[in-house]
Amino acid sequence: MSTQKKQTTPKPNSRPASGSVHGKSVPGARTSKGTDSRRSTHKSTQAVCRRTKRKQQRREQIILRILLSFLVLVFMMISFRLFGRLTKDKNDSGRSGGQEFGEDEGKIPRPPLDVDLLTVNEYSRPGIALKQVKGIVIHYTANPGTGAAANRNYFEGLKDSHVTKASSHFVIGLRGEIIQCIPSSEISYASNERNKDTISIECCIRDESGRFEKATYDSAVHLTAWLVEHFGLETEDVIRHYDVTGKACPKYFVDFPSAWEQFLADVQAYLVSYGVF
């Protein structure tokens with residue numbers, strides 16, 4: 001009995017393994033495993049590049065923000081400094097602008113005085129230019145027992161109280177202290193129609209008689225003589241408020257004309273003693 005060997009027929013759906021021909025490996029043939037590995041490596045490299053790029057962009061953004069913040073800070077500092085300087089200049093102009101007197105510009109030395117200018121306002125310091133000085137007007141405060149600072153502060157307060165319009169270029173106190181309230185380049189509200197061309201001097205008094213204290217009197221003589229020299233005037237250009245309006249001011253010099261004549265003589269003697277006349 002003959003025995004026949006059964007031949008195995010390959011199944012139609014069976015496929016040779018990748019990288020082989022009829023089940024045998026072919027040198028140099030690609031395998032799906034190698035391709036997947038290279039693809040994975042390429043994707044990893046791209047991911048690393050993207051992360052590196054994002055990090056670099058974040059660093060650049062941080063640096064840009066820091067730079068912008070620094071520039072804003074510098075701009076603010078410069079702005080504040082300029083604003084402060086402008087404010088200071090404005091305040092200085094309001095407080096001490098127009099003080100054109102030098103220490104030793106003439107033969108007569110400048111008397112000791114405190115420059116404490118009024119704030120520019122329509123009630124006591126209108127800021128109107130005094131184009132030419134043709135005279136010096138002597139006043140009294142009519143406010144017994146008060147000093148130079150108190151009267152200066154009264155003038156300053158008029159900008160708020162609006163009680164009246166009044167001021168003076170200078171105020172001389174009971175101890176002879178002198179405060180300048182208004183620049184000599186601006187008018188004061190003191191001498192009515194002569195405001196436009198005169199410098200005013202208010203003198204404090206101890207009592208109702210209106211007589212000046214010796215210290216007040218001496219400072220008034222010095223200040224008047226100094227102003228006469230400074231503005232190229234004569235002693236005859238020194239007048240009382242009374243000579244402008246008929247008001248009893250300064251009271252003692254109106255009540256006693258001889259006292260006024262003596263004051264003018266003392267001013268003249270002061271000018272002569274320094275060689276001005």
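Notes on the structure follow. All residue numbers refer to position in the chain's written sequence, counted from 1. Reporting of local features is limited, given that this is a predicted model, to residues whose pLDDT is at least 70; pairs of side-chain atoms are given and counted only at 80 or more, and all residues count toward the totals for whole chains, interfaces and linings. To get the side-chain values, take all heavy atoms of the structure and skip hydrogens and water.

1. Describing the overall build of the protein
Note the threshold: Helix and strand labels come from DSSP, where a helix needs a run of H or I of at least four residues and a strand needs a run of E of at least two; each type is numbered from the N terminus. Burial classification: accessible surface area is computed with a 1.4 Å probe over protein chains only, and a residue below 20% of its type maximum counts as buried, one above 50% as exposed, and the rest as partly exposed. Residue contacts are defined here by distance: any two heavy atoms, one from each residue, within 4.5 Å place the two residues in contact. For accessible areas, the Shrake-Rupley method is used with a probe of radius 1.4 Å. Any residue's cover is judged against the shown protein chains and nothing else.
For the protein, the helix and strand inventory stands at six helices and eight strands. What you see in the protein, going N to C, is helices and strands ordered as β-β-α-β-β-α-β-β-β-α-β-α-α-α. Here the protein holds 277 residues, and 35% of them are scored as buried. The contacts in the protein between residues at least 6 apart in sequence include a share of 73% that link residues at least 24 apart. In the structure as shown, the protein presents an accessible area of about 17800 Å², 55% of it carried by carbon and sulfur atoms.

2. A word on a positive patch on the surface
What counts here: Each patch is built from salt-bridge-free residues with over 30% relative accessible area, joining like charges within 9 Å and nonpolar side chains (Val, Leu, Ile, Met, Phe, Trp, Tyr) within 5 Å. Within this document, salt bridges are pairs made up of a side-chain nitrogen of Lys or Arg and a carboxyl oxygen of Asp or Glu, the two lying within 4 Å of each other. Charge assignment in this entry is limited to Lys and Arg as positive and Asp and Glu as negative, and neither His nor the chain termini are counted. The atoms used to mark charge sites are NZ of Lys, CZ of Arg, CG of Asp and CD of Glu.
Side chains of Arg50, Arg51, Arg54, Lys55, Arg58 and Arg59 sit close together on the surface and give a patch of like positive charge. By the secondary structure assignment, arginine 51 is in helix 1 (residues 32-96).

3. Examining the sheet that holds strand 7 (residues 198-203)
To be explicit about the condition: Two strands pair if DSSP finds at least two bridges between them. Angles here are taken between N-to-C directions and fall from 0 to 180 degrees, while the axes themselves are lines fitted to C-alpha atoms, restricted in helices to the stretch in contact.
Pairing in this open sheet of six strands is mixed, and the strands run 3-6-5-7-4-8 from one edge to the other. The strands lining the two open edges of the sheet, one partner per strand, are strand 3 (114-115) and strand 8 (238-240). Across the sheet, helix 2 (residues 148-161) lies against strand 5 (170-172), strand 6 (178-180) and strand 7, angled at about 150° from strand 5, the strand it touches most. Where helix 6 (residues 257-273) meets the sheet, its contacts fall on strand 4 (135-140) and strand 8, and the angle it forms with strand 8 comes to roughly 160°.

4. Some details on the environment of tryptophan 226
Residue placement: tryptophan 226 occurs in helix 3 (residues 214-230). Residue tryptophan 226 is classed as buried on the basis of its relative accessible area, which comes to 2%. It is 8.0 Å that separates the C-alpha atoms of tryptophan 226 and leucine 271, two residues lying 45 residues apart in sequence.

5. Details of the nonpolar core
The nonpolar side chains of soluble globular proteins are, as a tendency, buried together. As a reminder, the rule being used: Only buried Ala, Val, Leu, Ile, Met, Phe, Trp, Tyr and Cys residues count toward a nonpolar core, and they belong to the same one when joined by side-chain atoms within 4.5 Å.
Counting residues in hydrophobic clusters, the biggest one holds 36 residues, and the most contacted among them are Ile136, Ile201 and Phe263. Take this core: its biggest share by element is eight residues, from helix 3. Ignoring any residue separated from it by four or fewer positions in sequence, one finds isoleucine 201 in contact with Ile136, Val137, Ile138, His139, Ser168, Phe170, Ile172, Leu223, Thr224 and Leu227. In this structure, Leu118, Tyr123, Ala148 and Ile179 belong to the second largest nonpolar core, which totals twelve residues.

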